[in-house]
Amino acid sequence: MKQQEPAHIKQQLQDVPDGSLTIVRNAAVGQEDVLLASQFSAKTVGKGKIEVYHVFHGVDASYNLLLAPEVTVHHDVLPSVLELFYCRNGRVGWNMRGGTAVYLGAGDLTVHSAACCADSAMMFPLGYAEGISVSIDLPVLAATCPEILKESRLDLSAIQN
C-alpha cells in the first residue's frame, strides 16, 4: 500500500510545476557545478527540486526532493566523478547503465562513478524520496585540494581506483 508523502516535501515543492525538476544553484558567480552542469537533464510526470551547494572546487553537495513515481536522468558519462547518494526518506529503485540496479530505503547510501548513472531511471515506490548527494570530481579536487583535506592525507587516486 502506498504511503502518503510527507507534508514537508509537498509544501517545499508547491511552487514547482508538475512535470519538472528544478535545479537551484547556490554558488558564487564563476564557480562551476561538478555534475549538475548545463548538460544535465531529467524527465518526470511528477516534480522535484535539487538544491546544489558548491563545497570546494571539484565538490558539490545537493539536497534532493522528489515527488514522482519515476525520474529519468541524463548527463555526460563522467568516470572521474564519484557520486554519493544518501536516501534520507522514502524509497528509491535506481536502474543504471550496464544493468546495475540499486535499491535504497531511508538511511541507505550508494557510492558510484557518474559513468554508471549517466542514463538512468529512478523509481519511487512510495511516490517520493528525499536525500542528499555529493558529487566529487576527483582529478579537479586533487589539483586544487584545500589544506584541510591535505592534512587528512586523503588519497584521491586510491579512492578513484
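Notes on the structure in this doc start here. (Residues numbered from 1 in each chain as written. Predicted model: local features only at pLDDT ≥ 70, side-chain atom pairs only at ≥ 80, totals over all residues. Heavy atoms only, no water.)

### Examining the overall build of the protein
- A count of helical and extended segments in the protein gives four helices and ten strands.
- Each helix and strand of the protein, ordered N terminal to C terminal, gives the series α-β-β-β-β-β-β-β-β-β-β-α-α-α.
- Rg of the C-alpha trace for the protein: 16 Å, near the compact-globule value of 15 Å for 161 residues, within the 12% margin.
- C-alpha atoms of the protein, sized along the principal axes, occupy 50 × 35 × 25 Å.
- Out of the 161 residues belonging to the protein, those deemed buried represent 45%.
- In the protein, of all internal contacts separated by at least 6 residues, the share reaching a separation of at least 24 is 73%.
- When the accessible area of the protein is evaluated, it comes to approximately 8,600 Å², of which 53% is carbon and sulfur surface.
- When the 11 basic and 17 acidic side-chain charges of the protein are each reduced to a single mean position, those positions are 6 Å apart. (Helix = DSSP H or I, 4+ residues; strand = E, 2+ residues; numbered from the N terminus. Rg over C-alpha atoms; globule rule 2.2 N^0.38 Å. Buried < 20%, exposed > 50% of the residue type's maximum accessible area, 1.4 Å probe, protein only. Contact = heavy atoms within 4.5 Å. Areas by Shrake-Rupley, 256 points an atom, 1.4 Å probe, with all protein chains shown as cover. Lys, Arg positive; Asp, Glu negative; His and termini not counted. Charge placed at Lys NZ, Arg CZ, Asp CG, Glu CD.)

### Remarks on the pattern of salt bridges
- With the rule as written, the count across this model stands at three salt bridges.
- With its nearest N and O atoms 4.0 Å apart, the salt bridge here joins Lys47 to Asp18. Taken as a pair, Lys47 in strand 3 (residues 47-56) and Asp18 in the loop between helix 1 (7-12) and strand 1 (20-26) lie far apart in primary sequence, 29 residues in all.
- A residue is classified by how much of its surface remains accessible, and Lys47, at 14% relative accessible area, is buried.
- Among the ionic pairs, Glu130 bridges to Arg88, the shortest N-O distance being 3.0 Å. Of this pair, Glu130 sits in strand 10 (residues 129-137) while Arg88 is found in strand 6 (residues 81-95), placing the two residues 42 residues apart along the sequence.
- Relative accessible area serves as the criterion here: at 2%, Glu130 is assigned to the buried category. (Salt bridge = Lys/Arg side-chain N within 4 Å of Asp/Glu carboxyl O.)

### Concerning the packing of aromatic side chains
- In the structure shown here, the tally under the stated rule is one aromatic pair.
- Arranged with centres 5.7 Å apart and planes meeting at 80 degrees, the rings of Phe85 and Trp94 form a pair that is edge-to-face. (Phe/Tyr/Trp six-rings, centres within 6.5 Å; stacked < 30°, edge-to-face > 60°.)

### Things to note about the pairing of strand 5 (residues 70-74)
- Only one face of strand 5 is buried, namely the one carrying Val71 and Val73, since none of Glu70, Thr72 and His74 on the opposite face is buried.
- Sheet topology note: the strand 2 (residues 41-44)/strand 5 ladder contains four bridges and is antiparallel. The partner of Ala42 across the bridge, within strand 5, is Val73.
- With five bridges joining them, strand 5 and strand 9 (residues 119-123) adopt antiparallel strand pairing. Bridge assignment links His74 to a residue of strand 9, and that residue is Asp119. (Pairing = 2+ DSSP bridges.)

### Digging into a nonpolar patch on the surface
- Residues Tyr86, Leu109, Val111 and Ile132 make up a contiguous nonpolar surface patch of about 350 Å² in total accessible area.
- On the secondary structure map, Val111 appears in strand 8 (residues 109-113).
- The exposure class of Val111 is partly exposed, given its relative accessible area of 48%. (Patch = residues over 30% accessible without salt bridge, like charges linked within 9 Å, V, L, I, M, F, W, Y side chains within 5 Å.)

### Describing the nonpolar core
- Within the largest apolar cluster, 22 residues are counted, with the highest numbers of intra-cluster contacts made by Val71, Phe85, Val92, Trp94, Leu104, Met122 and Phe124.
- Top element by residues in this core is strand 6. It accounts for five residues.
- Here Leu104 is in contact with Phe85, Cys87, Gly90, Arg91, Val92, Leu109 and Thr110, once residues within four sequence places are set aside.
- Of all hydrophobic cores here, the second largest spans eight residues; its members include Val59, Leu82, Ile136 and Cys145. (Core = buried A, V, L, I, M, F, W, Y, C linked by side-chain atoms within 4.5 Å.)

### With respect to the state of the cysteines
- Following the criterion strictly, the structure yields zero disulfides and no others.
- No disulfide involves Cys87; its nearest neighbouring cysteine sulfur is the one of Cys117, lying 16 Å away.
- Lacking any disulfide linkage, Cys117 is separated from the closest cysteine sulfur, that of Cys116, by 7.0 Å. (Disulfide = S-S within 2.5 Å.)

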